[in-house]
Amino acid sequence: MSFPKHLASSTGSAVAIAALVFAAGTWVLPPWLAFLLTLAFAKGLVVLGVVIQMRAGLVSFGQALFYCIGGYIVGLASQSLGISDAFALLALATGTGILMALACGWLLTRYREIFFAMLTLALSMILYGALVKSSALGSTDGFNVAAPSFLGWTPQGDAQKQALYLLSVAVAAAVAIGIHRFMVSSLGRVIEAVRENELRVEYLGLSPRAVLFSNYVVAAGISALGGGLTALASGHIDPDMAVWTTSGEFVFIAILGGTGHVFAPFIGAIVFSVIRTFAIQEAPHFWQMTLGVVLLALILFLPKGLWSLIARDKPAEMAT
């Protein structure tokens, strides 16, 4: 992944401005669009996790594992532990995702290419199978998640939706800025070097596996955060959050948006959500075909994703 040099120093400001613009839309956007954007920002976090692994030369077909873990932790903490604060719930989701990544990462980072992809997919489907068989967790139906509070404030009705929308904007902006800084840090640069030539990285005295492990854990944490945010926004969780098609959706969005900037996953997620919403409405029996056509056209005409439209004719160098 590379970033236009002229945008590197201003990325934080650009993200903050974009967040303010979206936040200002809280009181003017129709409820259906605000809800769609809330879910898009949540999924954009998961896609960002996919993208930073692509930057290391790895494609995860099982990122739904952490997305689902984040969602279920929010649901279980709310239902069983009586925790209602949104910030505490999201912190639990993120922490659990990181712990899971620490347990799985030592194995997965031994492998590359298709082996890594298939192992991530297998772990996600194991979780899916366990949830489907668990009647205590609602089996295939899942269960509802109670409306959260915000530092002691419990809004009702439209105010609840507006608060969740603002929370999704704030979380997405904060994570985007943090990941950008991570990408342009020394460790972030080494990740690209690992993708290009692991042997040379070893000659420099660094461990490629340790670098990939760190990258994997970061991706897991923000993916679980996205899952937790989705659970709060939708008010429901089910095993489909972990199924392979969900992971495929995240990879689809990553390709759609491109990997050229931290903005790209969120742009891809928003465009994907809009296209799918209207495709389901206009052609409910052929909406998957519509998405397939969009992906095919993208591969043919915009192989670097939607972000390439913004970065076209700009230098593609890593920020300094």
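The shown structure was predicted, so the numbers you read here are calculated from the model rather than taken from an experiment.

K.L.:
Requested: an account of helix H11 (residues 244-257), with residues and values cited.
P.N.:
With 14 residues, H11 extends 20 Å between its outermost C-alpha atoms, agreeing within 8% with the 20 Å of an ideal straight helix rising 1.5 Å per residue. When you tally the buried positions in H11, you get 10 out of 14 residues, the bulk of the element. Here H11 has its buried residues at Thr246, Ser247, Glu249, Phe250, Val251, Phe252, Ile253, Ala254, Leu256 and Gly257. Note on H11: the residue one or two positions beyond its end, glycine 258, has a positive phi of about 100 degrees.

K.L.:
Tell me what's going on with the nonpolar core, and back it up with residues and numbers.
P.N.:
Note that soluble globular proteins tend to have their nonpolar side chains buried in a common cluster. By size, the foremost hydrophobic cluster in this structure holds 66 residues, and its most contacted members are Phe41, Leu48, Val175 and Ile179. Broken down by element, this core gets its largest block of residues, 13 residues, from helix H3 (residues 31-55). Every residue in contact with isoleucine 179, bar those within four places of it in the chain, is listed here: Leu48, Ile52, Val218, Ile222 and Val262. The next biggest cluster of nonpolar side chains, apart from the first, holds 19 residues, and it includes Leu108, Phe116, Val211 and Ala220.

K.L.:
So, the packing of helix H12 (residues 264-282) against helix H13 (residues 287-301): which residues are in play, and what are the values?
P.N.:
Interaxial distance between H12 and H13 falls to 8 Å at its minimum, and their mutual angle equals 140 degrees. Judged by the angle between their axes, H12 and H13 are oblique. In this structure, the crossing between H12 and H13 has a hand that is right-handed. For the pair H12 and H13, contact is made by Phe272, Ile275, Arg276, Ala279 and Ile280 and by Trp287, Thr290, Leu291 and Val294, respectively. Each residue belonging to the contact of H12 with H13 can be placed in one class, and the counts come to seven nonpolar, one polar and one charged.

K.L.:
How would you sum up the pattern of salt bridges? Please name residues and give values.
P.N.:
Per the counting criterion, the structure on display carries five salt bridges. Close ionic contact of lysine 43 with glutamate 249 constitutes a salt bridge, the shortest N to O distance being 2.9 Å. One end of the pair, lysine 43, is in helix H3; the other, glutamate 249, is in helix H11, with 206 residues separating them in the sequence. Comparing lysine 43 with glutamate 249 shows no difference in burial state: the two are buried. The shortest N-O distance in the salt bridge between arginine 55 and glutamate 192 comes to 3.9 Å.

K.L.:
Tell me about the environment of valine 294, residues and numbers included.
P.N.:
Positionally, valine 294 belongs in helix H13. The partly exposed category is assigned to valine 294, whose relative accessible area is 23%. Linking valine 294 and phenylalanine 272, residues 22 residues apart in sequence, is a C-alpha distance of 9.5 Å. If near-sequence neighbours (up to four positions away) are discounted, valine 294 is found in contact with Leu256 and Ile275.

About the criteria used
- Note on numbering: residues in each chain are counted from 1, in written sequence order.
- Local features in a predicted model are, by the rule used here, given only for residues with pLDDT of at least 70; side-chain atom pairs are given and counted only at 80 or more, and totals for whole chains, interfaces and linings are based on all residues.
- Only hydrogens and water are set aside; all other atoms, that is, all heavy atoms of the structure, feed into the side-chain values.
- We count a stretch as a helix when DSSP gives it H or I for four or more residues in a row; a strand needs E for two or more, and each element gets its number in order from the N terminus.
- Given the number of residues in a helix, its expected span is that number minus one, multiplied by 1.5 Å.
- The buried label applies to any residue whose accessible area, calculated with a 1.4 Å probe on protein chains only, is under 20% of its type's maximum; exposed applies above 50%, and partly exposed to all values in between.
- Working definition of a nonpolar core: buried Ala, Val, Leu, Ile, Met, Phe, Trp, Tyr and Cys residues. They are joined through side-chain atoms within 4.5 Å.
- Note on contacts: a residue pair is in contact if any heavy atoms of the two residues lie within 4.5 Å.
- What counts as an axis is a line fitted to C-alpha atoms, over the stretch in contact for a helix, and the angles between N-to-C directions run from 0 to 180 degrees.
- Any angle between 65 and 115 degrees counts as roughly perpendicular, while under 35 counts as roughly parallel, over 145 as roughly antiparallel, and the rest as oblique.
- If you view the pair so one helix is near and one far, a crossing is left-handed when the near helix is turned anticlockwise from the far one by less than a right angle, and right-handed when it is turned clockwise.
- Each residue is assigned to one class: nonpolar for Ala, Val, Leu, Ile, Met, Phe, Trp, Tyr, Cys and Pro, charged for Asp, Glu, Lys and Arg, and polar for all the others, Gly among them.
- Think of a salt bridge as a Lys or Arg side-chain nitrogen and an Asp or Glu carboxyl oxygen that are within 4 Å of each other.

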